[in-house]
Amino acid sequence: PHRRWHGYQLVDGGRFTLWGAEAEGGWSSREEQLLLDAIEQFGFGNWEDMAAHVGASRTPQEVMEHYVSMYIHGNLGKACIPDTIPNRVTDHTCPSGGPLSPSLTTPLPPLDISVAEQQQLGYMPLRDDYEIEYDQDAETLISGLSVNYDDDDVEIELKRAHVDMYVRKLKERQRRKNIARDYNLVPAFLGKDKKDKEKAPKRKITKEEKELRLKLRPLYQFMSCKEFEDFFENMHKERILRAKIRELQRYRRNGITKMEESAEYEAARHKREKRKENKNIASSKRGKEEGKEGEFAAIENLPGFELLSDREKVLCSSLNLSPARYVTVKTIIIKDHLQKRQGIPSKSRLPSYLDKVLKKRILNFLTESGWISRDAS
């Protein structure tokens, strides 16, 4: 029976609910409209400003939970937000935080240092900035820039170039901070790395591992400190595993299939090596007791053999030097030594068959025997 000329009045001024009072928590349509206006004005994440825009009755936590549950994970979000976003670029270079990561300007977590150390470095943890940054005057490039409607194309391009230069300087600042984090430069500057090394001593590095580190130095620029240490430790584990595999293969070749049998095998092998060593020692002693003629069989028939002492016979035999040549060299060296002590310059020359190694061995022998002094040798 309603007619268009009949009077009317607004019964509900936006107090009805859109989602249902039980599931929603009593959000009115007016509050929903204010929420959507706030998310467009302040952006996702500024829940405090959004709550103040919606009204004093809503807390930031309530605003966040309502928007996430209804507009993102609810039916409206499922209908509007696609599950897979096409043309999304995936970074396959390296995990996040590595030196090759393209996200060079990603903010880093604050340094875990004390207040006194922050003051020493001039570090501001809430901003992850320093009082004196790299290229401190970089902001002067854009501090005086302003956009005017009467700028021509050349002026606009010049201002864009200034902004681009400033962005590159910011990226360089962030890159240096990342390098300081990756290679632990801040703890090294504060002396913390030495304290940590004293607290937790690592295993002793062998000479072969030091040489391997020198060979792997070119990789330092592509890996952080922790990544390189993990890489080197994995290589050490690989060598240990390879040695263990070779040992197990040796057991298998000898017919051993259980670890209990390997202990017996090692004990028996140790006994065999001990017996062999004792046998060699006994045979060498027996040879000395029988006489030393067999030891000098190569030089005993040469002239001058009877002029040598037992120690000189051993020396000539080890150097494969005939007794006559040894006596000649010995005479020349002792003669030169006596002339030098008297202040007379020596003019004698050593034979051509005497190389540096033989000369050094004979000089050491004559010095130890007391024929010449150590200063002369």
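The following paragraphs examine the structure supplied in this document. Just so we're clear, the structure is a prediction, and the values are computed from it rather than from any experiment.

Calculation criteria
Residues numbered from 1 in each chain as written. Predicted model: local features only at pLDDT ≥ 70, side-chain atom pairs only at ≥ 80, totals over all residues. Heavy atoms only, no water. Helix = DSSP H or I, 4+ residues; strand = E, 2+ residues; numbered from the N terminus. Buried < 20%, exposed > 50% of the residue type's maximum accessible area, 1.4 Å probe, protein only. Contact = heavy atoms within 4.5 Å. Areas by Shrake-Rupley, 256 points an atom, 1.4 Å probe, with all protein chains shown as cover. Core = buried A, V, L, I, M, F, W, Y, C linked by side-chain atoms within 4.5 Å. Patch = residues over 30% accessible without salt bridge, like charges linked within 9 Å, V, L, I, M, F, W, Y side chains within 5 Å. Salt bridge = Lys/Arg side-chain N within 4 Å of Asp/Glu carboxyl O. Lys, Arg positive; Asp, Glu negative; His and termini not counted. Charge placed at Lys NZ, Arg CZ, Asp CG, Glu CD. Axes fitted to C-alpha atoms, helices over the stretch in contact; angles between N-to-C directions. Parallel < 35°, antiparallel > 145°, perpendicular 65-115°, else oblique. Nonpolar A, V, L, I, M, F, W, Y, C, P; charged D, E, K, R; others polar. Phe/Tyr/Trp six-rings, centres within 6.5 Å; stacked < 30°, edge-to-face > 60°. Lys NZ or Arg CZ within 6 Å of the ring centre and 35° of its normal.

A short note on the overall build of the protein chain
Part 1: A count of helical and extended segments in the protein chain gives 15 helices and two strands.
Part 2: Counting all 377 residues of the protein chain, 24% fall into the buried class.
Part 3: The contacts in the protein chain between residues at least 6 apart in sequence include a share of 45% that link residues at least 24 apart.
Part 4: Total accessible area on the protein chain stands at roughly 29100 Å², and carbon and sulfur atoms take up 54% of it.

Considerations on the nonpolar core
Among soluble globular proteins, nonpolar side chains are generally buried collectively.
Part 1: Judged by nonpolar contacts, the single largest core of 17 residues is most densely connected at Leu319, Tyr326, Ile333, Ile362 and Leu366.
Part 2: Ranked by size, the runner-up nonpolar core spans 13 residues in total, among them Ile39, Trp47, Met50 and Val63.

As for a positive patch on the surface
Part 1: Taken together, the side chains of Lys271, Arg272, Arg275 and Lys276 make up a positively charged region of the molecular surface.
Part 2: Note on Lys271: relative accessible area 53%, which makes it exposed.

Comments concerning the packing of helix 3 (residues 47–54) against helix 4 (residues 60–72)
Part 1: At a closest axis distance of 8 Å, the pairing of helix 3 and helix 4 adopts a crossing angle of 95°. Classified by the angle their axes make, helix 3 and helix 4 are roughly perpendicular. Between helix 3 and helix 4, the contacting residues are Trp47, Glu48, Met50 and Ala51 on the first element and Pro60, Val63, Met64 and Tyr67 on the second.
Part 2: Among the residues making up the contact of helix 3 with helix 4, the classes are represented as seven nonpolar, no polar and one charged.

Considerations on the packing of aromatic side chains
Part 1: Considering all chains together, one arrives at eight aromatic pairs under this definition.
Part 2: Taking the centre distance of 6.1 Å and the plane angle of 50° together, the rings of Phe44 and Tyr67 count as tilted. In this pair, Phe44 sits in the loop between helix 2 (29–42) and helix 3 while Tyr67 sits in helix 4, placing the two residues 23 residues apart along the sequence.
Part 3: Judged by centre distance (6.4 Å) and plane angle (50°), the ring pair of Phe228 and Phe231 falls under tilted. With a gap of three residues between them, Phe228 and Phe231 both fall in helix 11 (residues 225–253), about one helical turn apart.
Part 4: In this structure Phe228 comes out as buried when scored by relative accessible area, which is 5%.
Part 5: Residue Phe231 is classed as partly exposed on the basis of its relative accessible area of 30%.
Part 6: Put simply, the rings of Phe44, Trp47, Tyr67 and Tyr71 touch in pairs and so form one group of aromatic residues.
Part 7: The residue whose ring lies beneath Arg176 is Tyr134, and the NZ or CZ to ring-centre distance is 3.8 Å.

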